[in-house]
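Okay, here's what each chain looks like letter by letter:
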Amino acid sequence: MTNGKNSLKHRLMSVRFAMWELHLYLDTHCADMQAAELLNRYTEKYEELLKEYQCKYGPLSVKDGYGAKWLKSPFPWVNSGSDC
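Everything numeric in this text was worked out from a predicted model, so none of it was measured.

Draft legend 1. Examining the overall build of the protein more closely. Check the secondary structure of the protein and you find three helices and zero strands. Helices (α) and strands (β) of the protein occur, in sequence order from the N terminus, as α-α-α. Within the protein, the fraction of its 84 residues that count as buried is 24%. Considering only residue pairs separated by 6 or more positions, the protein has 52% of its internal contacts joining residues 24 or more positions apart. Counting only carbon and sulfur atoms, one obtains 58% of the accessible surface of the protein, whose full area is about 6,600 Å².

And the structure:
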């Protein structure tokens, strides 16, 4: 994996983690509108980063691949340098 791909994947995971934590917080603090707005901003950022990742490296998961498109892109282990 290239450094750019790793960096983008790390940013995606970080934003997704923040979204999940805010989601859990909002389960018990549903009136906190600042947290709800922050969750919305993180959701927009995640979608932006996911789109960037998919444009550069292909689908991140099966559900993002839209069927045959997933099968046409290289499988993760093809470019990993692994002998498996």
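Draft legend 2. How the structure looks around the pattern of salt bridges. Summed over the entire model, instances satisfying the criterion amount to two salt bridges. The salt bridge partner of lysine 56 is glutamate 52, with a shortest N-O separation of 3.2 Å. With lysine 56 and glutamate 52 both in helix H2 (residues 33-57) and four residues apart, this pair spans about one turn of that helix. Look at glutamate 52 and you get partly exposed, because its relative accessible area is 28%.

Draft legend 3. Inspection of the packing of aromatic side chains at higher detail. A complete count under the given rule lists one aromatic pair for this structure. Look at tyrosine 53 and tyrosine 57: their rings are 5.2 Å apart centre to centre, the planes differ by 50°, and that puts the pair in the tilted class. Of the two residues, tyrosine 53 and tyrosine 57 both sit in helix H2, four residues apart, roughly one turn of that helix. Residue classification places tyrosine 53 among the buried residues on the basis of a relative accessible area of 3%.

Draft legend 4. Broad picture of the nonpolar core. Ranked by size, the top nonpolar core spans twelve residues in total: Leu8, Leu12, Val15, Met19, Leu22, Leu26, Ala35, Leu39, Tyr46, Leu49, Leu50 and Tyr53. For this core, the elements supplying multiple residues, two or more each, are helix H1 (3-28) and H2. With sequence-adjacent residues up to four places away left out, leucine 12 is seen in contact with Tyr46, Leu49, Leu50, Tyr53 and Leu60.

Basis of the calculations
- Residues numbered from 1 in each chain as written.
- Predicted model: local features only at pLDDT ≥ 70, side-chain atom pairs only at ≥ 80, totals over all residues.
- Heavy atoms only, no water.
- Helix = DSSP H or I, 4+ residues; strand = E, 2+ residues; numbered from the N terminus.
- Buried < 20%, exposed > 50% of the residue type's maximum accessible area, 1.4 Å probe, protein only.
- Contact = heavy atoms within 4.5 Å.
- Areas by Shrake-Rupley, 256 points an atom, 1.4 Å probe, with all protein chains shown as cover.
- Salt bridge = Lys/Arg side-chain N within 4 Å of Asp/Glu carboxyl O.
- Phe/Tyr/Trp six-rings, centres within 6.5 Å; stacked < 30°, edge-to-face > 60°.
- Core = buried A, V, L, I, M, F, W, Y, C linked by side-chain atoms within 4.5 Å.

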